[in-house]
Amino acid sequence: MRGSPVSRRAVQRFRQLAFSSVGSVKIKLLLGFCIVFALILLASRASSFARWKNPHSFVLQDDNNDNDNNIHRKGYTLLINTWKRNDLLRKSISHYAECPRLDSIHIVWSEPDPPSESLANYLEHIVHENTKDGHEIEVKFDINKEDSLNNRFKENRDLKTDVVFSIDDDVILPCSSVELAFSIWLSAPDTMVGFVPRMHWVDKSENSKDYYVYGGWWSVWWMGTYSMVLSKAAFFHKKYLAMYTNEMSASIKEYVTLNRNCEDIAMSFLVANASSAPPIWVKGKIFEIGSTGISSLGGHSQKRTECVNRFVAEFGRMPLVSTSIKVVDSRNTWFW
Ligand SMILES: *[C@@H]1O[C@H](CO)[C@@H](O)[C@H](O)[C@H]1NC(C)=O
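Calculation criteria
Residue numbers here run from 1 along each chain, matching the order of that chain's written sequence. With pLDDT at 70 or above as the cut-off, local features in this predicted model cover only qualifying residues; side-chain atom pairs require 80 or more to be listed or tallied, and sums for whole chains, interfaces and linings still use all residues. Excluding hydrogens and water, the side-chain figures rest on all heavy atoms present in the structure. A run of H or I in DSSP counts as a helix once it spans at least four residues, and a run of E counts as a strand once it spans at least two, with each numbered from the N terminus. Only protein chains enter the calculation, and the probe is 1.4 Å; a residue is then buried if its accessible area is under 20% of its type maximum, exposed if over 50%, and partly exposed in between. Any two residues whose heavy atoms approach within 4.5 Å are treated as being in contact. To be clear on the numbers: accessible area is Shrake-Rupley with a 1.4 Å probe, and residue cover counts the displayed protein chains and nothing else. Here, any two strands with at least 2 DSSP bridges between them count as paired. What counts as a ring pair is set by centres within 6.5 Å for rings of Phe, Tyr and Trp (its six-membered ring), and what kind of pair is set by the plane angle: stacked under 30 degrees, edge-to-face over 60, tilted for all other angles. Only lysine NZ and arginine CZ atoms are considered, and such an atom sits over a ring when it is within 6 Å of the ring centre and within 35 degrees of the ring normal. When the sulfur atoms of two cysteines come within 2.5 Å, that pair is taken as a disulfide. We call a set of buried residues a nonpolar core when its members are Ala, Val, Leu, Ile, Met, Phe, Trp, Tyr or Cys and they connect through side-chain atoms within 4.5 Å of each other. Note on geometry: axes are lines fitted to C-alpha atoms, helical ones only across the stretch in contact, with angles between N-to-C directions running from 0 to 180 degrees. Whether a crossing is left-handed or right-handed is set by the direction in which the near helix is turned from the far one by less than a right angle, anticlockwise for left-handed and clockwise for right-handed. Throughout this entry, Asp, Glu, Lys and Arg are counted as charged residues, while Ala, Val, Leu, Ile, Met, Phe, Trp, Tyr, Cys and Pro are counted as nonpolar. The remaining residues, Gly among them, count as polar.

S.K.: Help me out: how do you make sense of the overall build of the chain in this one?
M.R.: A count of helical and extended segments in the chain gives nine helices and 13 strands. Relative to its 336 residues, the chain shows a buried fraction of 42%. Contacts in the chain between residues far apart in sequence, at least 24 positions, make up 81% of those at least 6 positions apart. Carbon and sulfur atoms make up 57% of the accessible area of the chain, which totals about 19,700 Å².

S.K.: Would you mind showing me how to read the sheet that holds strand E8 (residues 211-215) here?
M.R.: In any sheet, the strands associate via hydrogen bonds between backbone groups, in a parallel or an antiparallel arrangement. With respect to topology, three strands assemble into an open sheet ordered E8-E7-E9, the strand pairing being antiparallel. On the outer flanks of this sheet lie E8 and strand E9 (228-229), each paired with one strand and no other. Relative to E8, strand E7 (residues 197-203) runs antiparallel, the two being bridged by five bridges. In the sheet register, Asp203 faces E8, and the bridge partner there is Tyr211.

S.K.: What's the story with the packing of aromatic side chains in this structure? I'm lost.
M.R.: Where two aromatic rings form a pair, the distance of their centres and the angle of their planes describe that pair. One pass over the structure, following the stated rule, counts 17 aromatic pairs. Here the guanidinium or amino end of Arg90 rests over the ring plane of Tyr122, the centre of that ring lying 5.2 Å away.

S.K.: Please explain the state of the cysteines as it appears in this structure.
M.R.: Note: disulfide means a covalent bond formed between the sulfur atoms of two cysteine side chains. If you walk through the whole model with that rule in mind, you get two disulfides. Shown here is the disulfide that connects Cys99 with Cys175, its sulfur atoms set 2.0 Å apart. On the sign convention where negative means left-handed, the S-S torsion of about -85 degrees between Cys99 and Cys175 marks this disulfide as left-handed. Highlighted residues: Cys99 in the loop between helix H2 (86-96) and strand E2 (102-109) and Cys175 in helix H4 (residues 175-187), separated in sequence by 76 residues. Take Cys99: its relative accessible area is 1%, and that puts it in the buried class.

S.K.: Would you mind showing me how to read the nonpolar core here?
M.R.: Generally speaking, nonpolar side chains in soluble globular proteins are found buried as a group. The biggest cluster of nonpolar side chains holds 78 residues, and the ones touching the most others in it are Ile105, Phe165, Phe235, Met267 and Phe311. Excluding residues that lie within four positions of it along the chain, Phe165 makes contacts with Tyr76, Thr77, Leu78, Leu79, Tyr96, Leu173, Val178, Phe195, Ala233, Ala234 and Phe235.

S.K.: Would you take a moment to explain the packing of helix H8 (residues 263-275) against helix H9 (residues 300-315) for this structure?
M.R.: What describes two packed helices is the angle between their axes and the distance between those same axes. Here H8 crosses H9 at 35 degrees, and the two axes come no closer than 10 Å. Every pair of crossing elements has a handedness; the one defined by H8 and H9 is right-handed. On H9, the residues that touch Asp264, Ile265, Ala266, Phe269, Leu270 and Asn273 of H8 are Arg304, Cys307, Val308, Phe311, Val312 and Phe315. Classifying every residue of the contact of H8 with H9 gives nine nonpolar, one polar and two charged.

S.K.: Honestly, helix H6 (residues 239-246) in this entry has me stumped. Any pointers?
M.R.: Side chains that are three or four residues apart share a direction in an α-helix, a result of its 3.6 residues per turn. Among all positions of H6, only Tyr240, Leu241, Ala242, Met243 and Tyr244 are buried. Those residues of H6 that are buried lie in contact with strand E1 (76-82), strand E4 (163-168), strand E10 (233-237), helix H7 (250-259) and H8.

S.K.: Help me understand unusual backbone geometry, please; the structure alone is not making it clear to me.
M.R.: Negative phi characterises most residues that are not glycine, and trans characterises most peptide bonds. The residue Lys84 is not glycine, and still its phi comes out positive at about 55 degrees. Within the fold, Lys84 resides in the loop between E1 and H2. Here the phi dihedral of Arg260 falls at roughly 50 degrees; this positive angle occurs in a residue that is not glycine. As for its position among the elements, Arg260 is in the loop between H7 and H8. With a relative accessible area of 38%, Arg260 lands in the partly exposed category.

S.K.: Looking at this structure, how should I read the sheet that holds E10?
M.R.: Spatially, the eight strands line up as an open sheet ordered E3-E2-E1-E4-E10-E6-E11-E13, and their pairing is mixed. In this open sheet, the two strands that pair with only one neighbour each are strand E3 (138-143) and strand E13 (326-327). Where E4 meets E10, five bridges bridge the pair, whose relative direction is antiparallel. From the neighbouring strand, Val164 faces E10, where its bridge partner is Phe236. Where H2 meets the sheet, it contacts E1, E2 and E4, and its direction lies at approximately 170 degrees from that of E2.

Right under this line is the structure:
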């Protein structure tokens with residue numbers, strides 16, 4: 001005998017009650033799923049029908065419908081940082097306009113003078129000319145009063161996509177590489193996916209405290225591991241722009257502004273701290289169309305090492321996670 005008849009009945013009643021309430025929740029859920037599924041099916045039918053009728057009318061989303069509770073758009077936003085190099089800006093924007101899943105372009109503008117009308121007109125024109133499948137790509141200048149490297153990570157409330165492709169004005173990657181990285185990001189939307197890997201390691205010789213060293217391209221090549229991808233060419237979720245703007249410690253941002261350096265390391269720290277995951281390096285052929293960049297100046301590595309140690313002190317730990325994964329397009333590797 002397990003328990004008295006009274007308590008057994010009570011248990012039974014309880015079970016019935018619990019089951020029926022769970023059951024009704026389940027039915028509601030099921031109904032909800034059915035409706036959502038039907039809507040998705042309808043939407044996809046409608047869009048494929050439109051595409052079949054007129055292959056040139058394929059638009060990523062209805063452009064006239066810009067309210068916030070709209071479903072997020074499927075492409076990515078090019079977030080391009082520029083400074084007094086309008087010729088490079090023209091070149092790179094006219095290139096990226098050809099990439100298929102580009103949704104819109106935001107130019108981070110920190111010069112004292114606003115962009116000239118002729119530049120704006122030119123960009124608008126060239127983007128319209130170069131867009132392959134005829135969908136409209138919006139070109140926007142995000143004007144900043146202060147000249148700071150933090151500007152490139154300012155929270156931007158009218159981004160239409162969930163993801164940005166952050167790029168320097170002098171970095172050109174083939175659209176096929178950009179597409180590959182975008183697909184990888186879709187599979188790992190919380191992490192940074194980029195083309196320029198960097199690493200850090202612990203220098204044991206410096207006292208007892210952990211001292212970190214920043215490793216450039218040759219270190220990555222030699223060791224085969226990395227723990228950052230630089231924001232000069234990387235995809236990341238737009239939520240990290242909001243976090244950088246609102247949650248990053250003021251002293252780190254101040255340090256970035258004063259030294260005109262390391263905003264990319266700061267962003268790598270932020271994403272790694274929030275996601276506890278390593279970034280993903282995608283192989284791509286990078287063309288640097290500008291002249292000598294900052295990285296070729298003397299003492300660059302030492303400055304970057306200082307940034308890493310400073311940021312570790314600010315975060316209270318080393319958030320970066322190392323990995324050795326490299327993504328390649330399997331169509332381009334004949335040997336595997
Ligand atoms: C790091 O992540 C933790 C936990 O997600 C969070 O509480 C903390 O504010 C983050 N630190 C910084 C400096 O962003």
